[in-house]
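Architecture at a glance
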Amino acid sequence: MRKWRLALVAILLLGCTFGMLFASGQKEPAGVKTPESGKKILYVAYDRELDVLNPFTSQMLCDLQHNVSEGLIITNDKNEFIPVLAKEIPTFENGGVVKNADGTYDMTWHLHEGVLWHDGVEFTAEDVKFTLDFVHNTPAVYNQSEYNKIIKAKIVDKYTIVFTWDDLYTFYPGIFEAMLPKHVLENLSWDEIARYEPFNRGPKFIGTGPFMFEEWKSGEYIRIVRNPNYWRGKQYPLIDEMVWQFIPDQTARFNAMKSGAYHIGQIEATQVKDFNVKGLHVEMIPSNVFYYIDLNVTPNGGRPELFGDVRVRRALYQAIDRKAIVDQLLEGTVQIANSPIPPTSGFHNPNISAPKYDPQNAKKLLAEAGWKDTNGDGILDKNGVKFSFTFMNRSGRADRIAIAQVVQAQLKQIGIEVNMREYEAAAWSERWRNSNWDAQVGGWFMSSDASLTNYYHTRDGKNGSNNFTGMGNAELDKLMAEADKTLDFDKRKVLLDKAQQIIADEVVSLYLYYRDSPWIVSDRLVNFRGSGTNLGNWWNAWEWDLK
Amino acid sequence: MLRYVIRRTIQMVPLLLAISVVIFTIIQAAPGGPEGTLLDRGMFVDPAAIDAYRARLGVDQPIFVQYFKWLGAMLTGDMGISFQTQRPVLIMILERMPDTLRLMGLSFVVAAIIAIPLGVFSAVKQYSTFDFIATGASFVAIAMPVFWFGLMMQYLFSVKLQWLPVAGTVTVGVGGFVDQLKHIIMPATVLSMHSIAGWSRYMRSSMLGVLNQDYIRTAHSKGLSRRTVISVHAVKNASIPVVSVMTLDIARLFSGAVITETIFGWPGIGRMFIQAMHARDYPLLMGIMMMGSTMVVVFNLIADVIYGWLDPRITYE
Amino acid sequence: MSEIMTDGQGMALAAEGITVKLRSNAKITWEKFLQHKLAVVASLFLLTLAALCFLAPLIAPFEFDAIDLANIRKPPSAKHLLGTDALGRDLLTRLLYGGRISITIGLTAAMLGTAIGTLIGSMAGYFGGRIDNLLMRLTDLAYSIPTLPLIIVISSYSNTQAVGIVMIIGFFSWMQTSRVVRGAILSVKENEYVTAARALGSKDRLIIVRHVLPNISNSIIVGATLGVGNAIITESSLSFLGLGVSPPTPTWGNMLMDSQATMSSQPWLTIFPGMAILLTVLCVNFIGDGLQDALDPTL
């Protein structure tokens, strides 16, 4: 009989655990402790740990780096390129870009004078040239091909440099988001720079930015401190120090933000409703990320026998209730998408006619295309082929897997069988790159110049390098190529509007939504103006303040 | 004895070689390669950059060539350069060691200090209320998934009560011993729970076996007090197998704890390992795994030696 | 890594401490087990739970993948007894279906691990000498290879992830069993009846199967029991690392993992699968405890 006590004890222990967890209300957070020194320290709950500080060889999205290493340009909260170390962005209108007799284009950058590297050496056109040379000689730079279009760089004087481009490109102002210090690295070979520990990990990682690298504690945090000689004025930056704590687990990061110990950090869309902590608020930052379902029509590896017919693709799109996904699954934190260019961009086309949710019509379209349930198993078939395909999911991406499950259920309603298969990160990436999959839920960062060529151009070895669906449309190819060389906004908009409509008509990519990133920001943080581009929220950190 | 140790040490060499071949094959057999990370930022990447990247890392060569290159370098003490960070693997591992050992070591010591007395008292007072509580608590601890327990703790102590910090080893800008202690409490508790539960069960079981043996009864009958019998004779004999098992567990200290480190943002080696796995950072993976394996093999030998040393009945052939 | 291993460690250790005694009469064992009330209750509870889970298609109120976006994360109600999850699916239904996978993984992985461990341990213990040394080094080898990369490799080659997970847990949980069995055999094999059997010319295989194994069955059975709980816990840890069973197929592990993000606002999502794991593993341990008492003639 005494053995019963054991059960009693176990149950009591359990009861205590849960009781403590969910009985009492939350204590009000004491907020971030002010250090005794009285310094203004900004604590960031960061979702990852960087690989290297060098923004050109890092394989991650860089945001921390741009507080230290400024470039010629950066993107602001309106998704525009703004000059940083350059006085202005060269255009035809301001005479910065001119056409040469041989069909090439000269682009003249005028740099700010008196800008100092963190070690006191002056920043000049030599550094710009050095940075370009580094990229030209380092294939690991992910967008090296863009820099390769610069065929010549000429230093006019200390503060002027002229690039000669082989042709017109809309990404002209979108590169050189960071600078390398020539005087620190010039004695090393290009390969040595890529491996140069003091630069990759600090303390030699210097820039011209408002903050200077101070410390990187492996696996735990990076500290950057105020640059006392910042070129925008000695009063800037207003914050003394930033501590970027690596908290990759999303629940842990959410707990971290709730504990009140951090000023800023990103959370998940499904956690927004649950966040209610005094002294902190949620900011929904419209981002350049668009979510979609890709159907693979590549002959080898894809499923052209299923998705080859545009009526079928249309039917699939019409069977997916995007409104329910956006309003209910994501609790209204995002916006329905009809095209790859998000509303944050001036090139977004709001008037696209995309297939509307209409499962009845979807069934009709499928029947027209010859897909009927002839054997009564509830799944459509045609010539003995079942309409059954597999979603390739990447493990750990909970948001995309949730969408895949919803779509799976919705397609079941019209007689389509969807299977799910999860792959670990690297395995997933390899299959995806090799077009060895049926369908997948994806998310891309649209670059600020809104060029579509890499994703949707017919893959011909030169263009469409990231078009893994096998989609191809001659008219679209022409439009996109032309748009890539049209610098005039109005003319380009017409081209891109058309291109977006054709992409929508092709329905190889079924657009779901544009993501608004939920960020938790301290009420004390002044001048925070979040930016949803790949260069991050820190573009104006020099004027941030902690009140 | 000495001959036994020498023989086992010599046997270690082929064993470690075999381990390295197996591990190398396994990580290379895993689909995907280090170039996968290039696409992780969710932006376009030039295919030429991907090929150049593979060539630069040398992963475009046949596996056996890569293996012998790695082995050759390893024999000269060079563990290679990490793909992701371009840093020497050895430095990366050594950098994470202090925090890994601090956390793992603390939880080990705490677990040992709690588990052994717990097991002894449970056995001595078998079926008492104390025994029931200890057994019940051990079972509950064993039955809880680590990440669940960790996140629950975090929610309770960091969010609700605001006693302890969520992540890291120290509050930058605050610092100090108390601050560091606050940071280590939760991860160490989560880690030691399982060990306490396991070891105390084992100690109890071992102790019960000893208490029922003849020589203990003889000691009783000779008029020795119960306390002396238990503390002098029984505990000593009962702890022999437990100590040897704990020695084996020391090897695990060096490998860190993936889940606990992830949840509490602890800069340990376990988290570095899983990142390296996702990025297919072969040199770093090999470095971490070979270090772990070597530790297991070495402490295995130490455990066997300690066992024989504590228990004179064992002879080494 | 170490957590995944440590989980097993503790329990396997407990199993190792069991002293080997002569085979008890089955009837006596059964009566002894019945006296261990807690173990009996635990067995009944577990049997009921398993029965409910395996009858899930018949008794579950909904389909396990019936998504209802209008009713996501609803607290328990009359319609949904345990509430709904992040996709509006009935939690009770998923708990029952999830139990099928989790319990199956637990049972098959434990059986696989025990089978391999018993085979290797008995061979090592019985033959001794070189074979023993070789097999023990093999055990060391298996013991020192981290599980995580292997899981990734195996799961990419097996079509059903559950099968891959069972294989992994099975292949990497036999080392303790093999050590225990080897130790037990070493002490049993010098017994008179084994010597007698050998003198009578019985084959080694027969001696092991007929005479030695039955006498060490108690340690094997107890070890296997604990292995079930271990495998269920490991499956949930794998889910945390994103290496578990793919949704929409529910397992207790991936349900627990999925609920973490909204743990504080929708506690039922995390409490119910958490309790299912906890109670099951708890019961399994109680049963192991009971079996240990029942099979040990000295108590």
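Conventions used here
- Residues numbered from 1 in each chain as written.
- Chains lettered and ligands numbered in written order.
- Predicted model: local features only at pLDDT ≥ 70, side-chain atom pairs only at ≥ 80, totals over all residues.
- Heavy atoms only, no water.
- Helix = DSSP H or I, 4+ residues; strand = E, 2+ residues; numbered from the N terminus.
- Buried < 20%, exposed > 50% of the residue type's maximum accessible area, 1.4 Å probe, protein only.
- Polar contact = N/O pair within 3.5 Å; in protein donor to acceptor, adjacent residues only side chain to side chain.
- Contact = heavy atoms within 4.5 Å.
- Core = buried A, V, L, I, M, F, W, Y, C linked by side-chain atoms within 4.5 Å.
- Salt bridge = Lys/Arg side-chain N within 4 Å of Asp/Glu carboxyl O.
- Nonpolar A, V, L, I, M, F, W, Y, C, P; charged D, E, K, R; others polar.
- pLDDT = per-residue confidence, 0-100.
- Axes fitted to C-alpha atoms, helices over the stretch in contact; angles between N-to-C directions.
- Phe/Tyr/Trp six-rings, centres within 6.5 Å; stacked < 30°, edge-to-face > 60°.
- Pairing = 2+ DSSP bridges.

All names here are of chain C. Assignment of secondary structure puts T139 in helix α6 (residues 129–144). For T139, a relative accessible area of 0% translates into the label buried. Of the polar contacts made by the side chain of T139, one reaches the backbone oxygen of L135; its length is 2.7 Å. Ignoring anything within four residues of it in the chain, the contact list for T139 reads I120, W174, M175, S178 and R179.

Looking now at the nonpolar core. One recurring pattern in soluble globular proteins: nonpolar side chains tend to sit buried together. Within the largest apolar cluster, 256 residues are counted, with the highest numbers of intra-cluster contacts made by F387(A), L411(A), I416(A), Y456(A) and M207(B). The contacts of I416(A), once residues within four sequence positions are left out, are L316(A), L366(A), L380(A), F387(A), F389(A) and L411(A). Y147(A), L168(A), A178(A) and I193(A) belong to the second largest nonpolar core, which has 74 residues in total.

Moving on, we get to the interface of chain A and chain C. Listed by partner, the interface residues are 35 residues for chain A and 39 residues for chain C. For the salt bridge of K412(A) with D65(C), the shortest nitrogen-to-oxygen distance reads 3.7 Å. Our count for the chain A to chain C interface comes out at six residue pairs in polar contact (both at pLDDT 80 or more). Only α1 (3–22), α7 (250–258), α10 (322–329), α12 (398–413) and β17 (417–423) of chain A provide two or more residues apiece to the side of chain A that touches chain C. Looking at the side of chain A that touches chain C, its residues break down into 17 nonpolar, nine polar and nine charged.

Right, let's get into the confidence of the model for chain C. Residue and element names in this part refer to chain C. Of all residues in chain C, 88% have pLDDT values of 70 or greater, and the mean over the chain is 80. Counting interchain partners and residues more than four positions distant, the pLDDT-below-50 stretch residues 4–24 has 59 contacts. Under the prediction, the complex receives an ipTM of 0.87, its pTM being 0.88.

Our focus in this paragraph is the packing of helix α11 (residues 204–215) of chain C against helix α12 (residues 217–240) of chain C. Residues and elements named next belong to chain C. Running from N to C, α11 and α12 cross one another at 65°; their axes reach a closest spacing of 5 Å. Contacts from L213, P214 and N215 in α11 reach S217, N218 and I220 in α12. Split by residue class, the contact of α11 with α12 holds three nonpolar, three polar and no charged.

Turning our attention to the interface of chain A and chain B. Each side of the interface is counted separately: chain A has 79 residues, and chain B has 70 residues. Inspection of the region where chain A meets chain B yields six salt bridges. Put simply, R280(B) and E424(A) hold a salt bridge, and the shortest N to O gap is 2.7 Å. Summed over the shared surface of chain A and chain B, the number is 16 residue pairs in polar contact (both at pLDDT 80 or more). Of all the elements, α1(A) adds the most residues to the side of chain A that touches chain B, at 11 residues. Looking at side-chain class alone, the side of chain A that touches chain B contains 37 nonpolar, 19 polar and 23 charged residues.

Residues and elements named next belong to chain A. If you walk through the whole model with that rule in mind, you get 47 aromatic pairs over all chains. Both rings, one in W444 and one in Y455, keep their centres 4.9 Å apart while their planes meet at 45°; by these two values the pair is tilted. One end of the pair, W444, is in strand β18 (residues 439–445); the other, Y455, is in helix α14 (residues 453–456), and 11 residues separate them in sequence. What makes W444 buried here is its relative accessible area of 5%.

By the element assignment, P248(C) lies in the loop between α12 and α13 (252–258). According to the relative accessible area criterion, P248(C) is buried, its value standing at 9%. Along the sequence, P248(C) and L213(C) sit 35 residues apart, while their C-alpha atoms lie 42 Å from each other. Excluding anything up to four places from it in sequence, P248(C) contacts Q405(A), Q408(A), M420(A), F64(C), D65(C), R89(C) and R94(C).

All names here are of chain A. Read across the open sheet, the four strands follow the order β4-β5-β7-β6; overall the sheet is antiparallel. One side of each edge strand has no neighbouring strand; the edge strands of this open sheet are β4 (97–99) and β6 (150–157). The average undirected angle you get between the axes of adjacent strands in this sheet is 20°. With six bridges joining them, strand β5 (residues 105–110) and strand β7 (residues 160–165) adopt antiparallel strand pairing. Within β7, the residue paired with M107 across the bridge is F163.

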